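Fold and geometry: a report
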Amino acid sequence: MEAKPVIKVAAVCGSLRKASFNRGLILSAIEICNESIRGMEVEFVDISGLPFINPDLENGSEFPEAVEEFRRKILEADCFLFASPEYNYSIPAPLKNALDWGSRPPNVWADKAAAIVSAAGGSGGSRVQFHLRQVGVFLNIHFINKPELYIFAHKPPKKFDSDGNLIHDETREYLKKILESLHSFAGRLGP
Ligand code: FMN
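Everything quoted here is computed from the prediction, not taken from an experiment. (Residues numbered from 1 in each chain as written. Predicted model: local features only at pLDDT ≥ 70, side-chain atom pairs only at ≥ 80, totals over all residues. Heavy atoms only, no water.)

What to know about the overall build of the chain
We apply this condition: Helix numbers and strand numbers start at the N terminus; a helix is a DSSP run of H or I with at least 4 residues, a strand a run of E with at least 2. We compute the radius of gyration from the C-alpha atoms alone; for a globule the expected value is 2.2 Å times N to the 0.38, where N is the number of residues. Working definition: with a 1.4 Å probe on protein chains only, accessible area under 20% of the residue-type maximum means buried, over 50% means exposed, and in between means partly exposed. Any pair of residues with heavy atoms lying within 4.5 Å of one another is described as a contacting pair. Here the accessible surface of atoms and residues is derived via Shrake-Rupley with a 1.4 Å probe, and residues count as covered only by protein chains that are part of the display. By the counting rule applied here, Lys and Arg register as positive and Asp and Glu as negative, while His and the ends of each chain are not counted. Just so you know, the charge point we use is NZ for Lys, CZ for Arg, CG for Asp and CD for Glu.
Secondary structure summary: the chain contains five helices and six strands in total. Along the chain, helices (α) and strands (β) appear in the sequence β-α-β-α-β-α-β-α-β-β-α when read from the amino end. In terms of C-alpha radius of gyration, the chain reaches 16 Å, essentially the compact-globule figure of 16 Å for 191 residues. Along the first, second and third principal axes, the C-alpha atoms of the chain reach 50 × 50 × 25 Å. Per-residue burial for the chain yields a buried fraction of 45% across its 191 residues. Here the analysis covers contacts within the chain between residues at least 6 apart in sequence; of these, 79% occur between residues at least 24 apart. In the form shown here, the chain has an accessible surface area of approximately 10200 Å², with 52% of it arising from carbon and sulfur atoms. In the chain, 22 positive and 24 negative side-chain charges are present, and the distance between their average locations comes to 6 Å.

Next comes the structure, spelled out in structure tokens:
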């Protein structure tokens, strides 16, 4: 019997902060996949080097080098994991910038599965998640609906250490369930 191909997840973080809790979620997702989800691997895709979106930087179908590399990683992925804080009730500018660069023709996000998790302040990130889903309609990203994970990052019990690493077992279990759901949905959606 032929082995099933590995599902590649490109993980994008909405925070550029060194000790970002959301990046901590991505690092945990990488560990969880390596340890306990067979057939799926997560790669962290850094968006901090992308220039601000500006079509003047495009030369026909060519993009600046950092954008080309980013778009290639998104194109090569089978599905996406977004981990993002909420900024002023919405999507942080670095993440929106990355979404916009990926959307330039040909749209590299199109027709793939995705999951969103958020560690944020008072809202747990519900509004960033809903705004991201709204943008995903035009980008043709297929988000899993359940389970949902909204982390109230600053409320006890402590979920992250001072470097942003996830240290809360219950949250890690939820994150694993999200990854399993993404795995199953991406598998059903096919290549
Ligand atoms: N938290 C919220 O829940 N809702 C907000 O609207 C919100 N706006 C913010 C705006 C800015 C510019 C910043 C810097 C933070 C805001 N926060 C808000 C708090 C962040 O979501 C919170 O600190 C989060 O943990 C940061 O994520 P990170 O640890 O991955 O950097």
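Once you've had a look at it, read on.
Thoughts on helix α2 (residues 65-76)
Given 3.6 residues per helical turn, the α-helix brings residues three or four places apart onto the same face. Worth spelling out the cut-off: The span expected for a helix works out to 1.5 Å for each residue beyond the first. An arc is given here, and it is the one of the directions from the helix axis to the C-beta atoms.
For α2, built from twelve residues, the straight-helix expectation of 16 Å at 1.5 Å per residue is met to within 8% by its first-to-last C-alpha distance of 17 Å. Of the positions making up α2, those classed as buried are V67, F70, R71 and I74. Buried positions in α2, seen along its axis, are confined to an arc of 95 degrees and lie on one side of it. Buried residues in α2 make contact with β1 (7-13), β2 (40-45), β3 (79-83), α3 (93-103) and β4 (112-120).

Brief notes about the UniProt feature "domain: NADPH-dependent FMN reductase-like" (unreviewed entry) in the chain
Inclusion rule: UniProt positions are given in the numbering used here, feature names are shortened, and annotations may be inferred rather than shown by experiment.
The residues that UniProt annotates with the feature "domain: NADPH-dependent FMN reductase-like" (unreviewed entry) are residues 7-151. When the span residues 7-151 is considered, its composition is 37% helix and 22% strand, and the gap between its end C-alpha atoms is 26 Å.

Overview of the pattern of salt bridges
For clarity, the threshold we go by: Salt bridges, as used here, are contacts in which a Lys or Arg side-chain nitrogen is within 4 Å of a carboxyl oxygen on Asp or Glu.
Throughout the structure, instances matching the rule amount to ten salt bridges. R172 serves as the salt-bridge partner of E35, at 3.1 Å between the closest nitrogen and oxygen. Pair noted here: E35 is in helix α1 (residues 21-36) and R172 is in helix α5 (residues 169-189), with a separation of 137 residues, a long-range link. For R172, a relative accessible area of 22% gives the class partly exposed. Notably, a salt bridge pairs K73 with E69, separated by 3.5 Å at the nearest N-O pair. Note that K73 and E69 are positioned in helix α2 at a spacing of four residues, about one turn of the helix. You can call K73 partly exposed: its relative accessible area is 23%. Three or more residues joined by partner-sharing salt bridges are found here, namely E31, E35 and R172.

A closer look at the packing of α1 against α5
Here is the rule we go by: Axis definition: a line fitted to C-alpha atoms, over the contacting stretch in the case of helices. Angles run 0 to 180 degrees between N-to-C directions. Roughly parallel means an angle under 35 degrees; roughly antiparallel, over 145; roughly perpendicular, 65 to 115; everything else is oblique. Note on convention: the crossing is left-handed when the near helix lies turned anticlockwise from the far helix by less than a right angle, right-handed when the turn is clockwise. Only Asp, Glu, Lys and Arg are considered charged in this grouping, and only Ala, Val, Leu, Ile, Met, Phe, Trp, Tyr, Cys and Pro are considered nonpolar; every other residue, Gly among them, is considered polar.
Contact geometry of α1 with α5 gives a least axis separation of 10 Å together with a crossing angle of 70 degrees. In this view, α1 runs roughly perpendicular relative to α5, as classed from their interaxial angle. Note on packing geometry: the crossing formed by α1 with α5 is right-handed. For the pair α1 and α5, contact is made by L25, S28, A29, E31, I32, C33, E35 and S36 and by R172, L175, K176 and L179, respectively. Here the contact of α1 with α5 is composed, by residue class, of six nonpolar, two polar and four charged.

Things to note about the site of the ligand
Under the convention used in this document: We define proximity as follows: a residue is near a molecule or strand when any one of its heavy atoms falls within 4 Å of that partner. Polar contacts here mean pairs of N or O atoms no more than 3.5 Å apart (in protein, one a potential hydrogen donor and the other a potential acceptor; neighbouring residues in sequence count only if both atoms are side-chain atoms).
Around the ligand, 17 residues are found, and the nearest of them are S15, R17, S20, N22 and N88. One of the backbone nitrogen or oxygen atoms of Y89 is found 2.8 Å away from an oxygen atom of the ligand. Here G122 contributes a backbone N or O atom positioned 3.3 Å from an oxygen atom of the ligand. When isolated, the ligand has an accessible area of 640 Å², and the protein chains bury 73% of it. At the level of elements, α1 and β4 are the ones that each hand at least two residues to the shell around the ligand. Grouping the constituent residues of the shell around the ligand by class yields seven nonpolar, eight polar and two charged.

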